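Summary of the model geometry
Each chain is listed here by its residues.
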Amino acid sequence: MRLFKPLAAMLLAGIVAAPLSSGQAQDYPNNTITVIVPFSAGGPTDTVTRLVAEAMSANLGQQVIVENVGGAGGTVGAARAAKAEPDGYTLLLHHIGMATSATLYRKLPYDPKTAFAPVGLVTEVPMVLIARKDFPPNNLQELITYVKEHKDEVTYANAGIGAASHLCGMLFMQAIQTPLTTVPYKGTGPAMTDLIGGQVDFLCDQTTNTTNQIKAGEVKAYGVFTDQRLANLPDLPTVKEGGVDGLSFAIWHGLYAPAGTPEPVVARLSEALKVALADPKVIERFGELGTAPVPADQATPAALQAKVLSEIDRWKPVIEQAGEYAD
Ligand code: ASP
């Protein structure tokens, strides 16, 4: 009996973690929740996450805070989340990079297929091609001619191998058959600052980070990578209209917990995510940024799991064909 006393005292004092019982899962959450964003503050993933975190916080009755862990195209932050305690207090909001990094990195410290307990899809965000406002070309065809002629001088920003900006740039360079010098950042938030400051020439980024800058005339926009023009940027042609075919994709985002998180906790998070995505303020803000929340049936663990698996399969041959690996 005496032997067990210190352990009981430590458990009461919270020094030793006790396994999560179903009772504790029912109490969930009773503490602050941290969502890791695997890119810098001020970028598109950060913007989406902060809007969703605030709305989830209201539903969960606990603070949901954001921690930015940028680096290596999102894989540093994802690795941190994969290793976190699977108790529902550390989550990850990542985008399409969860799937592309599975092929881009031959060695990852986590397996994107098994290291996470998916909570649900969040949104699919369009991408646009933009440049510093005094970049000479005025439309997509002029841009292509210009970068081909100045391919040793022009600089293309991205958020590292595995980022959406990397994928978009890789596909664009492949389409115009011109390799360019890339400048990697820890997120497209700081890349945008440098673009506006004229330190880099051009960039592909989500509308959640580019809409305001395009509308304010702080950057030049050449095209959107969607089949249709966007309602909030109606003057911006699609890349297809600009003469480049076959480049249509959207940047899907998902919310994850580490694998091993109790199922009732994941279910509670998914419920809160659904409520957050139906919040009129979230819908309005997403709309202003050129996107929309996914329908409720997509904000589920099953939908996100299916998306991760199908997108790994979708991008694997494309990346293999490009022959571009991070390691
Ligand atoms: N979404 C950006 C990208 O993947 C990074 C970021 O969110 O800052 O390029």
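Bear in mind that the values here come from a model prediction, so they are computed numbers and not experimental data. (Residues numbered from 1 in each chain as written. Predicted model: local features only at pLDDT ≥ 70, side-chain atom pairs only at ≥ 80, totals over all residues. Heavy atoms only, no water.)

Here the focus is the overall build of the chain. When you go through the chain residue by residue, the secondary structure sums to 12 helices and 10 strands. Its C-alpha atoms give the chain a radius of gyration of 21 Å, within 12% of the compact-globule value 20 Å for 327 residues. Its C-alpha atoms give the chain principal-axis dimensions of about 80 × 45 × 35 Å. Buried residues in the chain amount to 53% of all 327 residues. Taking the contacts inside the chain whose residues are at least 6 apart along the sequence as the reference set, 79% of them involve residues at least 24 apart. Approximately 14300 Å² of the chain is accessible, and the part contributed by carbon and sulfur atoms is 53%. (Helix = DSSP H or I, 4+ residues; strand = E, 2+ residues; numbered from the N terminus. Rg over C-alpha atoms; globule rule 2.2 N^0.38 Å. Buried < 20%, exposed > 50% of the residue type's maximum accessible area, 1.4 Å probe, protein only. Contact = heavy atoms within 4.5 Å. Areas by Shrake-Rupley, 256 points an atom, 1.4 Å probe, with all protein chains shown as cover.)

This part is about the side chain of Asn-232. Its place among the elements puts Asn-232 in the loop between strand S9 (219-224) and strand S10 (251-258). By relative accessible area, which is 15% here, Asn-232 ends up buried. The residues contacting Asn-232, other than those within four sequence positions of it, are Thr-211, Lys-215, Gly-287, Glu-288, Leu-289 and Gly-290.

Following Tyr-28, the chain continues to Pro-29 via a peptide bond in cis, the omega torsion being -5°. Structurally, Pro-29 can be placed in the loop between helix H2 (22-27) and strand S1 (33-37). For Ala-72, which is not a glycine, the phi torsion comes out positive at approximately 50°. Looking at the secondary structure, you find Ala-72 in the loop between strand S2 (64-68) and helix H4 (75-83). Of note in the backbone geometry, Gln-177 takes a positive phi value of approximately 50° without being a glycine. Here Gln-177 shows up in the loop between helix H7 (164-175) and strand S7 (181-184).

Take the packing of H7 against helix H12 (residues 301-322) next. Two quantities define a packed helix pair, namely the angle between the helix axes and the distance between the axes. Running from N to C, H7 and H12 point in directions that differ by 55°, and their axes come no closer than 11 Å. The orientation of H7 relative to H12 falls into the category oblique. In this structure, H7 meets H12 at a crossing whose hand is left-handed. Contact with H7, carried on its side by Leu-167, Met-170, Leu-171 and Gln-174, involves Trp-315, Val-318, Ile-319, Gln-321 and Ala-322 of H12 and no other residues of that element. Class assignment for the residues of the contact of H7 with H12 results in 7 nonpolar, 2 polar and no charged. (Axes fitted to C-alpha atoms, helices over the stretch in contact; angles between N-to-C directions. Parallel < 35°, antiparallel > 145°, perpendicular 65-115°, else oblique. Left-handed = near helix turned anticlockwise from the far one by under 90°. Nonpolar A, V, L, I, M, F, W, Y, C, P; charged D, E, K, R; others polar.)

This brings us to the pairing of S1. With 5 of 5 residues buried, S1 is to be regarded as a mostly interior element. Neither face of S1 is left uncovered, since the one carrying Ile-33, Val-35 and Val-37 and the one carrying Thr-34 and Ile-36 both have all their residues buried. Handedness of the S1-helix H3 (residues 44-60)-S2 crossover: right-handed. By the bridge criterion, 3 bridges tie S1 to strand S3 (residues 90-95) in an arrangement that is parallel. Following the sheet pairing, Thr-34 is matched in S3 by Thr-90. (Right-handed = clockwise from strand over helix to strand, strands pointing away. Pairing = 2+ DSSP bridges.)

Summed over all chains, the structure comprises 8 aromatic pairs. Ring centres of Tyr-156 and Phe-202 lie 4.9 Å apart, and the angle between their planes is 65°; on these two criteria the pair is classed as edge-to-face. You can see Tyr-156 sitting in strand S6 (residues 155-158) and its partner Phe-202 sitting in strand S8 (residues 202-206), a full 46 residues away along the chain. Grouping residues by exposure puts Tyr-156 and Phe-202 together as buried. (Phe/Tyr/Trp six-rings, centres within 6.5 Å; stacked < 30°, edge-to-face > 60°.)

This brings us to the site of the ligand. Close to the ligand lie Phe-39, Pro-44, Thr-45, His-95, Ala-159, Ala-163, Ala-164, Ser-165, Gly-187, Thr-188 and Gln-206. His-95 has a polar side-chain atom sitting 2.6 Å from an oxygen atom of the ligand. The side chain of Gln-206 places a nitrogen or oxygen atom 2.9 Å from a nitrogen atom of the ligand. In the complex, the protein chains occlude 100% of the 270 Å² of accessible area that the ligand would expose alone. (Near = heavy atom within 4 Å. Polar contact = N/O pair within 3.5 Å; in protein donor to acceptor, adjacent residues only side chain to side chain.)

With that settled, consider the sheet that holds S10. What the 5 strands build is an open sheet, ordered S2-S1-S3-S10-S4; its pairing is mixed. Strands with a single pairing partner mark the edges of an open sheet, and in this sheet they are S2 and strand S4 (116-125). Averaged over all adjacent pairs, the angle separating strand axes in this sheet is 25°, with direction ignored. Helix H5 (residues 97-104) rests against S3, S4 and S10 of the sheet, and its axis sits at about 80° to S3.

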